[in-house]
Amino acid sequence: MLAKADGGRLRSGPEWAYEYKLDGYRAAMRIGVDGTTVLTSRNNIDFTAEFADLTGILAPALDGQAAYLDGEVVVYGEDGRIDFELMQERRGRYVKHHSSLRRDEPFDDIAVRFLAFDLLRLGDHDLLKEPYDERRRLLESLPMPDPYRVSVVRAVTFDELAADRRTPADFLAHAASAGYEGVVAKLRNSTYVPGHRPDSWLKHPFIQTQEVIICGWRPGQRSFAGTLGGLLLGAHDPASGELVYIGDVGTGFSQAARTDLLTQLQPHERRTHPFATTPPHEDVRGAHWVHPELVGEIVYRQFTRAGRVRHTAWRGLRADKKPADVLAPRSAPTAAPAPAASPPEPTPAAPVGQRITVQAGPQRLTLSNLDKPLYPDGFTKGEVINYYSRIAEVLLPHLAGRPVTFIRFPDGVGGQQFFEKNVPRGAPDWLPTVRLPSTGSRSVKGEGEIEYALLDELAALVWTANMAALELHVHQWKVDSDGVRQASDLLVFDLDPGPGTSIVQCCRVAERLRDVLLEDGLTPFAKTSGSKGSVDRTTGRHADAFDAVS
């Protein structure tokens, strides 16, 4: 059973229950009366060998009963959040392992977890006709001997939220802050209808993803010369079933992914394009065409009336999907804004210059120029806002109580930049600020003070990103609730490699420094910055300096 998009409006009322939308591989877990466990994809691809460490978990606790569970196989990152990129990385390692001489050895490189959200059969009882509430009751009654490998997705009803003085929008906001892909609303009296997208399951995603068929590739230019530069994408027209060109994707690839994809695509090359209608020449100049056999997934921000995905980023191959099942999205000028209390990342793109209003926590903000590229690879202001929103939970503790100086890039990182210490004109009324004495040239005119911004909530970060403030510089001290400067609580050692030295020497000095600081009872943390050494994924620049912060 599949979920239908909710059109940007999360359903509300006592007839609804809500689950987290998961970012992994949809899978069925079938357990036989003999305890045999089989894992299959939605298209009946056998996952059992790939996720062998998920088998045999539930069978001993079922006392000889058969069971059929619907759920998702996921991987968690170091931050405790579901990480689809890590799942893709694991998939690549498994494929290499499976084709190697060590293929008979167990593969347990990255731990996976099966999160069940429905129960379709238990013992001799077919549960497809049972209402959602009953299926969930039975699912939650199953023993979970190893919840680190197999467990049940949390679900909450509208009534349960109301009893806690909360709303579905609050649940949505929590799902966003916890890093989930979205929320699925399900009618509590609905049956399970395999293979269909009824109105009883409605998904509210925070990002728009699309399965695509790889139909060609372009060679890389400049720094990507000699490898893959981008992919040309296709999907089947929902009305005619014909394979149609829907655009391209050139960002979101790691260097390893570019190399691996090129290796996989070259054996499938063909002389002509595979589409029912020839794509525009300017879109496919220099293309290498391939047979439409590999399925991938992208993130996109809009599907145009002309049938093109816009502002795309690659997510990875989908071995669990078949090309025949990949349908093009339906075009729409823009989707509806996110509901109250959700962060702004669910809001689709608006044309350059258009303003949209979003809700970030308790604050409403007006955003503009979301499609404006701020980085050379086309990474837009809207995507910067999305990124700030996603890391807010980690970033805000570092900013709390510390006056902020902005470096703004209104024309992107390649254009003019400027420092801004004083809160800019037009800042929202709810933004906390503090006035502090200054003898510098940037003080408030005639007052010898600087009015700094304080960033202490999600909405403040969204407002900051909307100004294209790509660098946030804080002091090594905080101010209290009365705006009085406190004693410094951070000590920074800036380690830069001089002539004839490298990042390696910086690492060695940082290790020595760490030992000294620990002996003095301080807690050091290493940060990287600078312009040489290890590559920063977002800017394409390098990091060569260590800042040891205590």
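Quick caveat, the model's predicted, so the values are computed rather than measured.

## Describing the overall build of the protein
Step number 1: Secondary structure assignment for the protein yields nine helices and 29 strands.
Step number 2: Buried positions account for 45% of the 550 residues belonging to the protein.
Step number 3: A fraction of 63% describes how many contacts in the protein between residues 6 or more apart in sequence connect residues 24 or more apart.
Step number 4: Of the roughly 27600 Å² that the protein leaves accessible, carbon and sulfur atoms contribute 50%.

## Digging into the side chain of Lys321
Step number 1: Its location among the elements puts Lys321 in the loop between strand 19 (313-317) and strand 20 (355-360).
Step number 2: On the basis of relative accessible area, Lys321 is assigned to the buried category, the value being 11%.
Step number 3: When neighbours within four sequence positions are excluded, Lys321 is seen to be in contact with Arg42, Asn43, Ile45, Glu211 and Val295.

## Points about unusual backbone geometry
Step number 1: The backbone phi angle of Asn369 is positive, close to 55°, even though this residue is not glycine.
Step number 2: Relative to the helices and strands, Asn369 resides in the loop between strand 21 (363-368) and helix 6 (381-390).
Step number 3: Notably, Ala468 is not glycine yet its phi reads approximately 60°, a positive angle.
Step number 4: Inspection of the secondary structure puts Ala468 in the loop between helix 8 (458-466) and strand 26 (469-474).

## So, the pattern of salt bridges
Step number 1: Counted under the stated rule, the structure contains 29 salt bridges.
Step number 2: Note that Glu50 and Arg91 form a salt bridge whose closest N and O atoms lie 2.4 Å from each other. You can see Glu50 sitting in the loop between strand 4 (37-41) and strand 5 (67-74) and its partner Arg91 sitting in helix 1 (residues 84-98), a full 41 residues away along the chain.
Step number 3: Glu50 gets classed as buried once you look at its relative accessible area, which sits at 3%.

## Considerations on the sheet that holds strand 1 (residues 4-5)
Step number 1: One open sheet accounts for five strands, arranged 1-11-10-2-9; its pairing is mixed. The open sheet has two edge strands, strand 1 and strand 9 (155-157), and neither has a second partner.
Step number 2: Across six bridges, the pairing between strand 2 (residues 16-21) and strand 10 (residues 182-187) is antiparallel. Looking at the pairing, Glu19 lines up with Val184 of strand 10.

## Focus: helix 4 (residues 168-177)
Step number 1: Among the residues of helix 4, those classed as buried are Pro168, Ala169, Phe171, Leu172, Ala175 and Ala176. Projection of helix 4 onto a plane perpendicular to its axis shows the buried side chains occupying an angular sector of 155°, all on one side.
Step number 2: As for helix 4, its buried residues are in contact with strand 2, strand 9, helix 3 (158-163), strand 10 and strand 11 (201-205).
Step number 3: Downstream of helix 4 by one or two residues, Gly179 has phi in the positive range, about 85°.

## Some thoughts on the environment of Gln359
Step number 1: Structurally, the position occupied by Gln359 is in strand 20.
Step number 2: Accessibility expressed as a relative area gives 10% for Gln359, which makes it buried.
Step number 3: Along the sequence, Gln359 and Ala459 sit 100 residues apart, while their C-alpha atoms lie 8.2 Å from each other.

## Some words on the pairing of strand 14 (residues 243-249)
Step number 1: Counting buried residues along strand 14, five of its seven residues qualify, which places the element largely inside the surrounding structure.
Step number 2: Where strand 13 (residues 228-236) lies against strand 14, six bridges are found, and the strand directions are antiparallel. Paired with Leu233 across the strands is Gly247, a residue of strand 14.
Step number 3: Here strand 13 folds back onto strand 14 in antiparallel fashion, the turn holding six residues, of which Gly241 has a positive phi close to 80°.

## Notes on the packing of aromatic side chains
Step number 1: Under the counting rule described, the total for this entry stands at 16 aromatic pairs.
Step number 2: A centroid spacing of 6.0 Å and a plane angle of 80° characterise the contact between Phe406 and Trp463, whose relative ring orientation is edge-to-face. Linking Phe406 in strand 22 (residues 404-408) with Trp463 in helix 8, this pair joins segments that are 57 residues apart in sequence. Accessibility classification places Phe406 together with Trp463 in one group, the buried group.

## Here we look at the pairing of strand 24 (residues 433-437)
Step number 1: Where burial is concerned, the two faces of strand 24 differ: the one with Val434 and Leu436 is buried and the one with Thr433, Arg435 and Pro437 is not.
Step number 2: Taken together, the five bridges between strand 24 and strand 25 (residues 449-453) define a ladder with antiparallel strand orientation. Note that in strand 25 the partner of Pro437 across the bridge is Glu449.

## Side note on the packing of helix 6 against helix 8
Step number 1: Interhelical geometry of helix 6 versus helix 8 gives an angle of 155° and a closest axis separation of 9 Å. In this view, helix 6 runs roughly antiparallel relative to helix 8, as classed from their interaxial angle. Where helix 6 crosses over helix 8, the handedness of that crossing is right-handed. In this structure, helix 6 contributes Lys381, Val384, Ile385, Tyr388 and Ser389 to the contact, and helix 8 contributes Leu458, Leu461, Val462, Thr464, Ala465 and Asn466.
Step number 2: Each residue belonging to the contact of helix 6 with helix 8 can be placed in one class, and the counts come to seven nonpolar, three polar and one charged.

## Section: the side chain of Arg136
Step number 1: By secondary structure assignment, the location of Arg136 is in helix 2 (residues 132-141).
Step number 2: Classification of Arg136 as buried rests on a relative accessible area of 5%.
Step number 3: Once residues within four sequence positions are removed from consideration, Arg136 is found in contact with Glu19, Ala116, Phe117, Val152, Val153, Arg154 and Ala155.

## Concerning helix 1
Step number 1: Here helix 1 is 15 residues long and its end C-alpha atoms lie 21 Å apart, about the 21 Å a rise of 1.5 Å per residue gives.
Step number 2: Listed as buried for helix 1 are Phe84, Met87, Gln88, Arg90, Tyr94 and His97.
Step number 3: Contact partners of the buried residues in helix 1: strand 3 (25-31), strand 5, strand 16 (288-300) and strand 19.
Step number 4: Its side-chain oxygen at 3.0 Å from the backbone nitrogen of Leu86, Asp83 defines the N-terminal cap of helix 1.

## Remarks on the confidence of the model for the protein
The predicted structure's coordinates, where accompanied by low pLDDT, should not be read in detail.
Step number 1: Taken as a whole, the protein shows an average pLDDT of 84; of its residues, 89% reach a score of 70 or greater.
Step number 2: In the predicted structure, residues 332-353 sits below a pLDDT of 50 and forms 69 contacts with residues beyond four places in sequence or in another chain.
Step number 3: The low-confidence segment residues 441-446, where pLDDT is below 50, has 14 contacts with residues more than four positions distant or belonging to other chains.

The rules behind these values
Residues numbered from 1 in each chain as written. Predicted model: local features only at pLDDT ≥ 70, side-chain atom pairs only at ≥ 80, totals over all residues. Heavy atoms only, no water. Helix = DSSP H or I, 4+ residues; strand = E, 2+ residues; numbered from the N terminus. Buried < 20%, exposed > 50% of the residue type's maximum accessible area, 1.4 Å probe, protein only. Contact = heavy atoms within 4.5 Å. Areas by Shrake-Rupley, 256 points an atom, 1.4 Å probe, with all protein chains shown as cover. Salt bridge = Lys/Arg side-chain N within 4 Å of Asp/Glu carboxyl O. Pairing = 2+ DSSP bridges. Arc of directions from axis to C-beta. Phe/Tyr/Trp six-rings, centres within 6.5 Å; stacked < 30°, edge-to-face > 60°. Axes fitted to C-alpha atoms, helices over the stretch in contact; angles between N-to-C directions. Parallel < 35°, antiparallel > 145°, perpendicular 65-115°, else oblique. Left-handed = near helix turned anticlockwise from the far one by under 90°. Nonpolar A, V, L, I, M, F, W, Y, C, P; charged D, E, K, R; others polar. Expected span 1.5 Å × (residues − 1). Polar contact = N/O pair within 3.5 Å; in protein donor to acceptor, adjacent residues only side chain to side chain. pLDDT = per-residue confidence, 0-100.

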